[in-house]
Amino acid sequence: MNRMNGADSLVVTLKLAGVDVCFTNPGTSEMHFVAALDRSERIRCVLALQENVATGAADGYGRMAGKPAATLLHLGPGLANGLANIHNAKKARAPMLNIVGDHATYHVKFNAPLTSDIEGIARPVSDWVKTTQKSDDVGIDAAVATREAASWPGRIATLILPADASWSPTDLIGDPLIPEGPAKPDPAKVEAAAKALKSAKKAAIFVTGMPLQDDNPLLLGKIKAATGCDVIAPTANRRIDRGAGRFNVIRLPYVLDHSIPMLAQYDTLILVGAPEPVGFFAYPNKPSQLAPEGCNIVELASHAENTVGALELLIEALGAGDAEPEVTPLALPDDVGAMAGDPVDLDNLCRAIAMTIPENAIICDESITTGRHFYPAFATARPHTLLHVTGGAIGGGLPLAVGAAIACPDRKVIVLQSDGSGMYTNQALWTMAREDLDVAVFLFSNRSYKILVGEMKGVGAAEPGPVARDMFSLDRPEIEWTGLARSMGVEAQRVTTAGELLPAFERAIAEPGPRLVEIML
């Protein structure tokens, strides 16, 4: 019987530790890992045509599966290509295990063209980084890396695998290790939060993470029912389960002219798994910290603590165990609210999407300016799960859907995607077709980076002139998304009027496999 090599040890160890999927874009240094995956057939391999698709898909998978997928990336430049969506995953606190190939240890000193400081590239977006030195260490290091990625609340682990550690023989594999769980809630924090809520004139809970998933929002609803406080989520969140039959959590607006007045009414803010609210960017003569001056900010639990357990203890401290949370009713629009030939606008677009969201759908939202109206409009739609691009690095929407669809093959996945950011990772359409994923992409085509027009005004720069307008526009030449999608194997349709919205959306939802609807705005 042939001995294993380091790559075989890696595959066996990952599978024993519960890693079932690897999103790949390999190169020469990773060929022995590829061969080991081929031999074992233990792990599902999903090819991405660009590394940012692989890392974004791993983000979506981790959020929905609750455990890490692996990525396979080629040396430092391959890792760098996937960095934006690793950044997004880190902000989401999603579990992810990156396997990055490197030159053989003896080859590094020759400074070949692809030689780079891989650890230096990985550290800013990773919670744990290690370079394996020899084949006998591969399994042990892989077990540790998987434990780190799976530890609460989800971490980014990056394991760098030199080619000779991969191809050299070994008899060793790593035993699965138990991930670290959350820290226990702090009774002193619970007492302080209960006291603050009881004495507040107007309070809000600012919350993200696990309390927004599954049935946990009902705990927040109990606290609201007992105290009258509001419950607010940050602008972008790892996952929110919402819709009919669930407690509705409102969301902090992106635009400071809306978020600052919203928070100005509160004298008390209770933080649950979330930092103090701050602006996405700095703007002249506007605050970075958004809570009003003098606001009593009390942390119930940090992201490292058991936030759900802390809420349960808070309910006990408030005597709110019997409080009845208010849940949203199912209230779908009667129609699109437009005549057949009317142009598409935000109102009829919101109504058409709300009417067609199927029960238990997963929505990956990267709709940027178009989507600012979607969140409140979908509160009373059928129950669904919402994933945001948490780190602000655009190009996350389409890859998130790839990972979510693989994690939850029995659920329809919908992407709400702006056209500009969609071009960053349009290769995800090819992976959707190759894997026959049940994804409906609603592509909003305003042929511009429209958000930048508002941002230019927000920072106090001059009104956009011809040079600026040219940098914001995507119409020279026009991007034909239906043709782009079809070229990658995804059926596509263009919608130009309000009357076409509902039939196009209903078809994309009803038919299995990937579909794209380009909506001209």
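Note that the structure is a prediction, hence the values are computed from the model and not measured.

Caption draft 1: Structural detail: the pairing of strand β3 (residues 44-47). Inspection of the sheet shows strand β2 (residues 21-25) paired to β3 by 4 bridges, in the parallel sense. Counterpart to Val21 in the pairing with β3 is Arg44. After leaving β2, the chain enters helix α2 (residues 31-40) and then returns to the sheet as β3, a path that is right-handed.

Caption draft 2: Looking closely at the sheet that holds strand β5 (residues 96-102). Spatial strand order, β3-β2-β4-β5-β7-β6: 6 strands in an open sheet with parallel pairing. Edge positions in the sheet fall to β3 and β6 (128-131), since each of these pairs with one other strand and no more. Averaged over all adjacent pairs, the angle separating strand axes in this sheet is 20°, with direction ignored. Where β6 meets strand β7 (residues 156-162), 4 bridges bridge the pair, whose relative direction is parallel. The residue of β7 that forms the bridge with Trp128 is Ala157. Helix-sheet contacts for helix α7 (residues 135-150) involve β5, β6 and β7, and the interaxial angle to β7 is about 165°.

Caption draft 3: Molecular detail of the pattern of salt bridges. Under the criterion given, the structure shown has 28 salt bridges. Here Lys67 and Asp20 are joined by a salt bridge, their closest N and O atoms 2.4 Å apart. You can see Lys67 sitting in the loop between α3 (51-65) and β4 (69-74) and its partner Asp20 sitting in the loop between α1 (6-16) and β2, a full 47 residues away along the chain. For Asp20, a relative accessible area of 25% corresponds to the partly exposed category. Asp127 serves as the salt-bridge partner of Lys90, at 3.9 Å between the closest nitrogen and oxygen. With Lys90 in helix α5 (residues 83-92) and Asp127 in the loop between α6 (118-122) and β6, the pair connects residues that are 37 residues apart, well separated along the chain.

Caption draft 4: Representation of the nonpolar core. Among the nonpolar cores identified, the biggest contains 63 residues, and Leu300, Ile353, Phe442 and Leu501 are the most heavily contacted of them. When near neighbours in sequence (up to four residues on either side) are disregarded, Leu501 contacts Val336, Val344, Asn348, Leu349, Ala352, Val495 and Ile519. Met64, Ala405, Leu429 and Val439 belong to the second largest nonpolar core, which has 51 residues in total.

So, how was this worked out
- Residues numbered from 1 in each chain as written.
- Predicted model: local features only at pLDDT ≥ 70, side-chain atom pairs only at ≥ 80, totals over all residues.
- Heavy atoms only, no water.
- Pairing = 2+ DSSP bridges.
- Helix = DSSP H or I, 4+ residues; strand = E, 2+ residues; numbered from the N terminus.
- Right-handed = clockwise from strand over helix to strand, strands pointing away.
- Axes fitted to C-alpha atoms, helices over the stretch in contact; angles between N-to-C directions.
- Contact = heavy atoms within 4.5 Å.
- Salt bridge = Lys/Arg side-chain N within 4 Å of Asp/Glu carboxyl O.
- Buried < 20%, exposed > 50% of the residue type's maximum accessible area, 1.4 Å probe, protein only.
- Core = buried A, V, L, I, M, F, W, Y, C linked by side-chain atoms within 4.5 Å.

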